[in-house]
Amino acid sequence: MHFDFVRIWSDMSVLSKGIAICLLFMAIASIGVIVERVIAFAKNGSASKAFAVAARPLLEKWEVEKLVVEAKKYKGSPLAGLFERMASKYQEGVKSPGNMTPVELARNEAARHSEAVGAELRRGMSVLASVGSVAPFVGLLGTVVGIIAAFASIGNAGSAGMSAVMSGISEALFETAFGLMVAIPAVLFYNYLSTRVASIELALSRSVGELLDEMENNHGRDAGHRIEKAA
């Protein structure tokens, strides 16, 4: 099977070329999102692993202030961002007691920030979803336009051989093939990235739960230290 893309492009109408260019832009946008998200997930994962190693001894000694300082060093880590906000809110509750316990404040802060983290992890993925659902229809539109143009040219000529008809239809069907070539990778990578996001969110949820358990266990000790300092 051989395709002469130069000839197909030269024989396309202006509208068909516009549709093909639209599909090309969709393909470029999809590739950009895929590359950016894969790199971002790799960087986030390595930063979170490094932070987890650094935070473990601080949690064992329950040095909350040092944990906040350490978390600020890992800007690219969703885990560090969550821990920094939770620990900061916990410290505020210990230093300035109110109607809510420090643990409740930290839990509410975790819930709010988790939504922001989820939105950041999914950044750009709506582009893949849109391309995956729309590109086949854009390609089909190009095919319909191409077939209409082919039959219109046959009607204007008054008669045409089978080769001319088949040539025009093959050029039109190229648009549908192009649309599927753009849509299929977009759908596959959208599903892959969605799975990655779900696994990251699950790991973050477990880590947040473990930190909240530590806060529950150490809340009484922190309150006692505060009372001793006040005395």
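Let me sum up the structure you'll find in this document. Note that the structure is a prediction, hence the values are computed from the model and not measured.

About the cut-offs
Residues numbered from 1 in each chain as written. Predicted model: local features only at pLDDT ≥ 70, side-chain atom pairs only at ≥ 80, totals over all residues. Heavy atoms only, no water. Helix = DSSP H or I, 4+ residues; strand = E, 2+ residues; numbered from the N terminus. Contact = heavy atoms within 4.5 Å. Buried < 20%, exposed > 50% of the residue type's maximum accessible area, 1.4 Å probe, protein only. Expected span 1.5 Å × (residues − 1). Bend = angle between axes of the 7 residues up to and from the residue. Axes fitted to C-alpha atoms, helices over the stretch in contact; angles between N-to-C directions. Parallel < 35°, antiparallel > 145°, perpendicular 65-115°, else oblique. Left-handed = near helix turned anticlockwise from the far one by under 90°. Nonpolar A, V, L, I, M, F, W, Y, C, P; charged D, E, K, R; others polar. Salt bridge = Lys/Arg side-chain N within 4 Å of Asp/Glu carboxyl O.

Our next topic: the overall build of the chain. Across its full length, the chain holds seven helices and zero strands. The order of α-helices and β-strands along the chain, N terminus first, is α-α-α-α-α-α-α. In the chain, the proportion of contacts linking residues at least 24 apart, taken out of those at least 6 apart, comes to 80%.

Non-glycine residue W62 carries a positive phi angle of around 55°. With respect to the helices, strands and loops of the structure, W62 is situated in the loop between α2 (14-61) and α3 (64-71). We classify W62 as buried; its relative accessible area is 8%.

Take R112: it is sitting in helix α5 (residues 102-121). Residues R112 and L82, 30 residues apart in the sequence, show an inter-C-alpha distance of 9.8 Å.

The next thing to look at is α2. In a regular helix each residue adds 1.5 Å, so 48 residues correspond to 70 Å; α2 covers 70 Å between its end C-alpha atoms and thus fits that length. Remark: the principal bend of α2, roughly 35°, maps to A55, with a proline, P57, within the next four residues. Of the residues trailing α2, W62 is marked for its positive phi of about 55°.

With that out of the way, let us pick up the packing of helix α4 (residues 78-95) against α5. Following both chains from N to C, one finds α4 and α5 inclined at 150°, their axes separated by 8 Å at the closest point. In terms of their interaxial angle, α4 and α5 are classed as roughly antiparallel. Crossing handedness for the pair α4 and α5: right-handed. Along its contact with α4, which presents P78, G81, L82, R85, M86, K89, Y90, G93 and V94, the element α5 presents P102, V103, L105, A106, E109, A110, H113, S114 and V117. Grouping the constituent residues of the contact of α4 with α5 by class yields eleven nonpolar, four polar and three charged.

One pass over the full model with this rule turns up ten salt bridges. A salt bridge links K66 to E63, with the shortest nitrogen-to-oxygen separation between them at 3.7 Å. A residue is classified by how much of its surface remains accessible, and E63, at 25% relative accessible area, is partly exposed. Each of the salt bridges in this network shares a partner with another, and the network as a whole consists of E36, R37, E120 and R123.

One way to put it is that α2 packs onto α3 with a least axis distance of 9 Å and a crossing angle of 170°. The angle between α2 and α3 falls in the class roughly antiparallel. Each of F51, A54, A55, L58 and L59 in α2 lies in contact with α3, whose residues at this interface are K66, L67, E70 and A71. The class makeup of the residues in the contact of α2 with α3 is seven nonpolar, no polar and two charged.

Remember that the coordinates give geometry; whether it matters functionally is a separate question.
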